Amino acid sequence: FFISLIAGVFDQSPALVRTKARETACLVQSIRLKTQGPVEQYGLKRFSTAEATVILRENGKMREKTLTMDTLNPQVKAVEYAVRGPIVTKAGDIERGLQQGQKHPFTEVIKANIGDSHAMGQKPITFLRQVVALCSFPELLNSSSFPEDAKQRARRILQGCGGQSLGSYSASQGVDCIRQDVAVYIEQRDKGVPADWDNIYLTTGASDGISILKMLVSGQGRSRSGVMIPIPQYPLYSAAISELEAVQINYYLDEDNCWALDINELHRAYQAAKEHCHPRVICIINPGNPTGQVQSRKCIEDVLHFAYEENLFVMSDEVYQDNVYSPDLQFHSFKKVLYEMGPEYFNTVELASFHSTSKGYSGECGFRGGYMEVLNLDLEVKAQLVKLLSVRLCPPVSGQAAMDVIVNPPLPHEPSYLQFHKEKSAVLGALAEKAQVTEQTLNTVPGIKCNPVQGAMYAFPRIFIPPRAVEEAKSLGMSPDMMYCLRLLEETGICLVPGSGFGQREGTYHFRMTILPTTEKLKVLLEKLRDFHIKFLKEYASLEEPKR
């Protein structure tokens with residue numbers, strides 16, 4: 001403290017400052033040892049930390065911060081994640097204001113910005129929570145309150161854990177018996193397509209699995225790795241690409257055809273990208289986020305053939321595989337289609353596919369459980385992947401246990417089956433109903449067009465924004481759909497995510513909303529949204545008619 005004080009007040013040579021500092025420190029220490037009293041009684045002034053800081057700053061001696069926006073890694077600044085962006089921050093501020101008694105034209109904030117099922121009121125699946133509870137507190141295994149099938153699964157998981165405790169580290173790839181259960185689940189899902197549990201890696205949600213991109217990014221200039229992603233896309237992908245300083249290659253989904261993937265668009269994007277980078281990866285989200293489409297088998301086969309021809313690594317995000325609502329559609333895994341295309345494809349195309357506890361019917365986002373299956377990796381590269389995973393030690397073991405329940409649910413002959421089946425069917429049935437209500441209601445609003453919500457948990461409608469509103473948004477330095485969503489939040493309390501955060505064709509505007517609120521709250525949301533949009537159109541009315 002005294003060294004800083006002397007250096008700040010007296011502009012002396014370094015040697016003199018050090019000498020005086022030592023003398024002063026010795027004096028103060030001597031006084032304290034002799035009297036154990038305060039320094040003020042000896043005529044010395046005591047400065048607070050704040051006062052010393054002011055003195056130092058006034059004398060130009062203040063230490064500069066090491067980490068500033070000027071020194072921050074530019075790749076971090078380039079990362080954007082709209083799902084938790086400025087609109088959501090504003091919604092949190094408004095929510096806290098409401099709790100403190102601030103007045104707004106509404107009484108609550110309805111957060112329809114993120115696929116967080118339990119936050120929106122969905123109840124947990126009883127069997128999943130029972131197994132995780134038993135794993136977390138094994139003394140409950142002696143309780144008659146828990147069914148035997150839940151106890152059997154908990155015992156098996158605990159036997160695979162070090163010290164038979166969920167609190168121990170697992171292997172970096174995950175608990176062996178859970179990886180084995182995942183492999184069995186995949187074989188059953190894909191009607192007998194073989195699955196090797198050594199290709200299964202348990203992850204911290206599906207997001208952790210996406211980090212396999214790290215292994216695929218290399219080169220400089222025109223040889224820098226390019227990653228093909230759908231537009232609109234889930235911003236995790238663009239964020240990861242920015243962080244890794246890879247090259248983002250956009251391919252546009254066909255909005256006029258229910259957001260289908262067009263193989264001609266893939267070729268266009270690939271050929272254009274070859275001029276400035278080396279395309280190495282193609283990412284697909286099926287069912288789609290934010291677009292809610294379910295890709296046909298033919299479409300998937302076209303993508304895999306394209307990846308085979310162009311020597312691309314395929315990343316298939318399949319976290320919504322249980323969320324298919326259209327009765328005439330079904331989920332096709334990329335792995336199953338690849339197998340059916342024959343050995344030439346199945347034994348050569350490198351494919352990573354992802355699943356998670358966060359979506360589907362369980363909605364267990366907080367457990368951060370997930371897995372990825374990786375096919376046809378070079379053996380030496382596989383060892384490097386294990387090394388990379390070992391850096392983060394292991395995924396949360398409680399999340400691994402939750403993932404095990406999803407891939408190893410109660411069977412028809414087991415005591416928990418009826419309740420489990422009832423709860424699962426209720427969740428998926430309610431989501432299917434809300435998907436239909438959302439689509440139908442939005443399509444009654446002038447200036448809004450919504451494709452069928454075939455799967456996943458979101459609607460991504462196209463909205464007409466009048467030219468005057470577009471010009472106003474530009475003058476404010478924001479995208480038109482950002483201004484629209486901000487106004488919607490401030491006037492109605494509804495929190496949505498602007499389409500610009502997911503990517504969209506030039507001149508089009510969208511927003512993403514979840515279908516997760518309760519049916520009653522969803523209807524209130526849609527009614528408020530309808531009234532706001534009509535008011536918004538009138539406010540910025542022009543000669544141009546809304547585009548349908």
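Residues numbered from 1 in each chain as written. Predicted model: local features only at pLDDT ≥ 70, side-chain atom pairs only at ≥ 80, totals over all residues. Heavy atoms only, no water.

As recorded by an unreviewed UniProt entry, the chain carries the name alanine transaminase and is attributed to Oncorhynchus tshawytscha. Heading Catalytic activity (unreviewed entry) of the UniProt record for the chain holds this comment: "L-alanine + 2-oxoglutarate = pyruvate + L-glutamate". If you open the UniProt record of the chain and go to Subunit (unreviewed entry), you find "Homodimer." (UniProt positions renumbered as here; feature names shortened; annotations may be inferred.)

A. Fine view of the overall build of the chain. Each helix and strand counted, the chain has 20 helices and 14 strands in total. Looking at the chain residue by residue over its 548 residues, the buried ones come to 50%. Summarising the internal contacts of the chain: among those between residues at least 6 apart in sequence, 71% fall at separations of at least 24. (Helix = DSSP H or I, 4+ residues; strand = E, 2+ residues; numbered from the N terminus. Buried < 20%, exposed > 50% of the residue type's maximum accessible area, 1.4 Å probe, protein only. Contact = heavy atoms within 4.5 Å.)

B. Spatial organisation of unusual backbone geometry. The omega torsion across Ile231 and Pro232 is 5°, close enough to zero to call that bond cis. Structurally, Pro232 can be placed in the loop between strand S3 (225-231) and helix H10 (235-244). Omega for the bond connecting Asn289 with Pro290 falls within 30 degrees of zero, at 20°, which places this linkage in the cis form. Tracing the backbone shows Pro290 in the loop between strand S5 (278-285) and helix H12 (297-310). Phi is positive for Arg368, close to 50°, though the residue is something other than glycine. You can see Arg368 is positioned in the loop between strand S7 (351-356) and strand S8 (370-375). In this structure Arg368 comes out as partly exposed when scored by relative accessible area, which is 29%. We note that Ala456 has phi near 60°; this positive angle belongs to a residue other than glycine. As for its placement among the helices and strands, Ala456 is situated in the loop between strand S9 (448-449) and strand S10 (458-459). Residue classification places Ala456 among the buried positions, given a relative accessible area of 0%.

C. Focus on the side chain of Ser238. For Ser238, the location among the structural elements is in helix H10. Using a relative accessible area of 13% as the deciding quantity, one classes Ser238 as buried. A distance of 2.9 Å separates polar atoms of two side chains, one belonging to Ser238 and the other to Gln233. There is a polar contact of 3.2 Å between the side chain of Ser238 and the backbone oxygen of Pro235. Apart from residues lying up to four places away in sequence, Ser238 is in contact with Ile229, Gln233 and Gln248. (Polar contact = N/O pair within 3.5 Å; in protein donor to acceptor, adjacent residues only side chain to side chain.)

D. Structural view of the packing of aromatic side chains. Evaluated as defined, the whole model comprises 12 aromatic pairs. An angle of 85° between the planes, with centres 5.8 Å apart, marks the rings of Tyr320 and Tyr458 as edge-to-face. Residue Tyr320 is located in the loop between strand S6 (313-317) and helix H13 (334-340), and its partner Tyr458 is located in strand S10; the two are separated by 138 residues in the primary sequence. Judged by its relative accessible area of 2%, Tyr320 falls in the buried class. What makes Tyr458 buried here is its relative accessible area of 1%. On the numbers, 5.7 Å between centres and 35° between planes, the contact of Phe532 with Phe536 is tilted. (Phe/Tyr/Trp six-rings, centres within 6.5 Å; stacked < 30°, edge-to-face > 60°.)

E. Seen up close, the environment of Pro461. By the secondary structure assignment, Pro461 is in the loop between S10 and strand S11 (462-463). Accessibility expressed as a relative area gives 0% for Pro461, which makes it buried. In sequence terms Pro461 and Ile448 are 13 residues apart; their C-alpha atoms lie 6.5 Å from each other. Sequence-distant contacts of Pro461, defined by excluding residues within four places in its chain, comprise Leu442, Ile448, Lys449, Cys450, Tyr509, His510 and Phe511.

F. Focus on the pairing of S8. Counting buried residues along S8, 6 of its 6 residues qualify, which places the element largely inside the surrounding structure. Judged by which residues are buried, S8 turns out to be covered on both faces: Gly370, Met372 and Val374 on one side and Tyr371, Glu373 and Leu375 on the other are all buried. As judged from the 4 bridges shared by strand S2 (residues 200-203) and S8, these two strands associate in the antiparallel manner. Within S8, the position partnered with Leu202 by the bridge is Tyr371. Pairing of S7 with S8, which is carried by 6 bridges, proceeds in the antiparallel orientation. Among the inter-strand pairings, Phe354 is bridged to a residue of S8, identified as Met372. (Pairing = 2+ DSSP bridges.)

G. Expanded view of the packing of helix H11 (residues 263-273) against H12. As a packed pair, H11 and H12 sit with axes 10 Å apart at the nearest point and diverge in direction by 25°. Put simply, H11 runs roughly parallel to H12. As H11 packs across H12, the resulting crossing turns out to be right-handed. The residues of H12 that touch H11, namely those facing Ile263, Leu266, His267 and Tyr270, are Asp302, Val303, Phe306 and Glu310. Looking at the contact of H11 with H12 residue by residue, the class counts come to 5 nonpolar, 1 polar and 2 charged. (Axes fitted to C-alpha atoms, helices over the stretch in contact; angles between N-to-C directions. Parallel < 35°, antiparallel > 145°, perpendicular 65-115°, else oblique. Left-handed = near helix turned anticlockwise from the far one by under 90°. Nonpolar A, V, L, I, M, F, W, Y, C, P; charged D, E, K, R; others polar.)

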